[in-house]
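Listed below, chain by chain, are the residues.
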Amino acid sequence: KSKVSVIETWLRKHRLLYVGATRHPFIHSIRDGSVDVSSFKRWLEQDYIFVRAFVPFVATVLLKAWKESFDATDLDVILSGMASLNDEFAWFNKEASKWGVSLTNVAPQKANLDYCRFLESLMSSEVEYTVAITAFWAIETVYQDSFAHCLEDGSNTPEELRDTCQRWGNDGFGRYCHALQSIAEHHLEKASDDVRKRTEAAVLDVLEYEVAFWNMSQGDT
Ligand code: HMH
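Read on for a plain summary of the structure. The written sequence of each chain sets the order in which its residues are numbered from 1. Thresholds applied to this predicted model are a pLDDT of at least 70 for local features of residues and 80 or more for the giving and counting of side-chain atom pairs; totals over whole chains, interfaces and linings are not thresholded and use all residues. Side-chain measures here rest on the full set of heavy atoms in the structure, leaving out hydrogens and waters.

Topic: the overall build of the chain
- Tallying secondary structure elements over the chain gives 10 helices and zero strands in all.
- Secondary structure is summarised from DSSP: a helix means a run of H or I of at least four residues, a strand means a run of E of at least two, and numbering begins at the N terminus for each. Along its sequence from the N terminus, the chain presents helices and strands in the succession α-α-α-α-α-α-α-α-α-α.
- Expressed as lengths along the three principal axes of its C-alpha atoms, the size of the chain is roughly 50 × 40 × 30 Å.
- Buried means the residue's accessible area, taken with a 1.4 Å probe over protein chains only, is under 20% of the maximum for its type, while exposed means over 50%, and partly exposed covers the values in between. Each of the 221 residues in the chain was classed as buried or not, and the buried ones make up 51%.
- Residues are treated as being in contact if the distance between any of their heavy atoms lies within 4.5 Å. The contacts of the chain with a sequence gap of at least 6 include a subset with a gap of at least 24, amounting to 87%.
- As used throughout, the charge tally considers Lys and Arg to be positive and Asp and Glu to be negative, leaving His and the chain termini uncounted. One atom stands in for each charge, and that atom is NZ of Lys, CZ of Arg, CG of Asp or CD of Glu. Averaging the locations of the 23 positively and 33 negatively charged side chains of the chain gives two centres separated by 2 Å.

Dropping the structure here:
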């Protein structure tokens, strides 16, 4: 008999919130081509700031994997994620010049500051590896699921936005998210009820911060 995974159970239980984070009106507007250019530019500027804060978070996940996991593949998968963040900065700079956006001196908006502060709380050495790696999976998966939706058959994503959607919506990024999910699931299976509860709460926090981030991009902060 096949047992439903911990993560699958949570995704079913919190379906509405997950759909809210991955099928947001901003994503729909990209997919149907009605996206407002100023919203897209705001998203680009703000996401650059977020990704700058995401790097040290991923570094702490890597550190915890090294200390707490006996499986060497954890480290490999997280390291590959860090390597792609390096490419991502080159991409942000290229994309910013394409849209005539300057990435220096952008003021982070409230939803972004709140999300970055949450990331910072997860960087604490008190936060267990299971909590951190699962939050990491959730953060990456929201973008993967959202942007892959904009590339599906029947989507009407404008040509100039396809590069952005490809960045997170491509199959390789999808496989990477699945690898993160397997790692997270493996640790959740072994975790205490207390750690599991706190991990579930962190995943819900991620989903809520992601919704607020999309809202901010559309200008309704
Ligand atoms: C807000 N969530 C946000 N930005 C991102 N770049 C990702 C997730 C994926 O890395």
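What about helix α1 (residues 6–13)?
- Listing the buried residues of α1 in full gives Val 6, Ile 7, Trp 10 and Leu 11. Down the axis of α1, the buried set is contained in an arc of 135°. They therefore lie on one face. For α1, the exposed residues set more than 90 degrees away from the buried face come down to Arg 12 and Lys 13.
- Looking at the packing, one finds that the buried side of α1 touches α2 (15–22), α7 (129–149), α9 (171–190) and α10 (193–217). An arc is given here, and it is the one of the directions from the helix axis to the C-beta atoms.

Examining helix α8 (residues 162–169)
- Within the sequence span of α8, burial applies to Thr 164, Cys 165, Trp 168 and Gly 169. What you see down the axis of α8 is that its buried residues fit within an arc of 110°, all on one side.
- Taken together, the buried residues of α8 touch α3 (25–31), α4 (37–68), α5 (72–99), α7 and α9.

Some words on a nonpolar patch on the surface
- Note on patches: the residues involved have over 30% relative accessible area and no salt bridge, like charges join within 9 Å, and the nonpolar side chains Val, Leu, Ile, Met, Phe, Trp and Tyr join within 5 Å. Methods summary: accessible areas were calculated by the Shrake-Rupley approach with a probe of 1.4 Å, and residue burial reflects only the protein chains presented. The term salt bridge refers to a side-chain nitrogen of Lys or Arg lying within 4 Å of a carboxyl oxygen of Asp or Glu. Where nonpolar side chains cluster on the molecular surface, the patch consists of Leu 63, Trp 66 and Leu 75 and spans about 320 Å² of accessible area.
- Structurally, the position occupied by Leu 63 is in helix α4.
- Using a relative accessible area of 44% as the deciding quantity, one classes Leu 63 as partly exposed.

So, the pattern of salt bridges
- In this structure the tally under the stated criterion is 11 salt bridges.
- In this structure, Glu 200 engages Lys 13 in a salt bridge whose closest nitrogen and oxygen atoms are separated by 2.7 Å. On the criterion of sequence distance, the pair formed by Glu 200 in helix α10 and Lys 13 in helix α1 is long-range, its members being 187 residues apart.
- On the basis of relative accessible area, Glu 200 is assigned to the buried category, the value being 14%.
- Lys 98 serves as the salt-bridge partner of Glu 95, at 3.3 Å between the closest nitrogen and oxygen.

Brief notes about the site of the ligand
- Taken together, the neighbourhood of the ligand is formed by Asp 47, Phe 50, Val 51, Phe 54, Tyr 115, Ile 139, Glu 140, Tyr 143, Trp 168, Glu 210 and Phe 213.
- Pairs of N or O atoms within 3.5 Å make up the polar contacts considered here, provided that, within protein, one atom can donate a hydrogen while the other can accept it, and that residues adjacent in sequence are counted only when both atoms are side-chain atoms. Side-chain polar atom of Glu 210 to a nitrogen atom of the ligand: 2.6 Å apart, as the coordinates give it.
- Listing elements by their share of the shell around the ligand, those giving two or more residues are α4, α7 and α10.
- The element that contributes the greatest number of residues to the shell around the ligand is α4, accounting for four residues. Think of it this way: one heavy atom of a residue within 4 Å of a molecule or strand is enough to make that residue near it.

A few points about the side chain of Glu 210
- Within the secondary structure layout, Glu 210 lies in helix α10.
- Buried Glu 210, no salt bridge; nearest opposite-charge side chain is Arg 23, N-O distance 12 Å.
- Apart from the residues within four sequence positions on either side, Glu 210 is in contact with Ala 21, Tyr 115, Ile 139, Val 142 and Tyr 143.

Things to note about the packing of aromatic side chains
- By convention, a stacked pair of Phe, Tyr or Trp rings (six-membered ring in the case of Trp) has centres within 6.5 Å and planes under 30 degrees apart, an edge-to-face pair has planes over 60 apart, and any other such pair is tilted. Here the structure, examined in full by the defined rule, presents 27 aromatic pairs.
- A centroid spacing of 5.2 Å and a plane angle of 55° characterise the contact between Phe 173 and Tyr 176, whose relative ring orientation is tilted. In this pair, Phe 173 and Tyr 176 are both assigned in helix α9, three residues apart and thus about one turn of the helix distant.
- Given a relative accessible area of 8%, Phe 173 falls into the buried group.
- Within the aromatic cluster, the residues linked to one another by ring pairs are Phe 26, Phe 40, Trp 43, Tyr 48, Phe 89, Trp 91, Phe 92, Trp 99, Tyr 143, Phe 147, Trp 168 and Trp 214.
- Two limits define a charge over a ring: the Lys NZ or Arg CZ must be within 6 Å of the ring centre, and within 35 degrees of the ring normal. For Arg 52, the ring lying beneath its charged end belongs to Phe 89, and the centroid distance is 4.6 Å.

A few points about the environment of Glu 189
- With respect to the helices and strands, Glu 189 occurs in helix α9.
- Using a relative accessible area of 36% as the deciding quantity, one classes Glu 189 as partly exposed.
- Between the C-alpha atom of Glu 189 and that of Phe 70, which follows or precedes it by 119 residues, the distance is 15 Å.
- Among residues more than four places away in sequence, those in contact with Glu 189 are Lys 3, Val 6 and Arg 196.
- For Glu 189, the side chain forms a polar contact with the side chain of Lys 3, separated by 3.1 Å.

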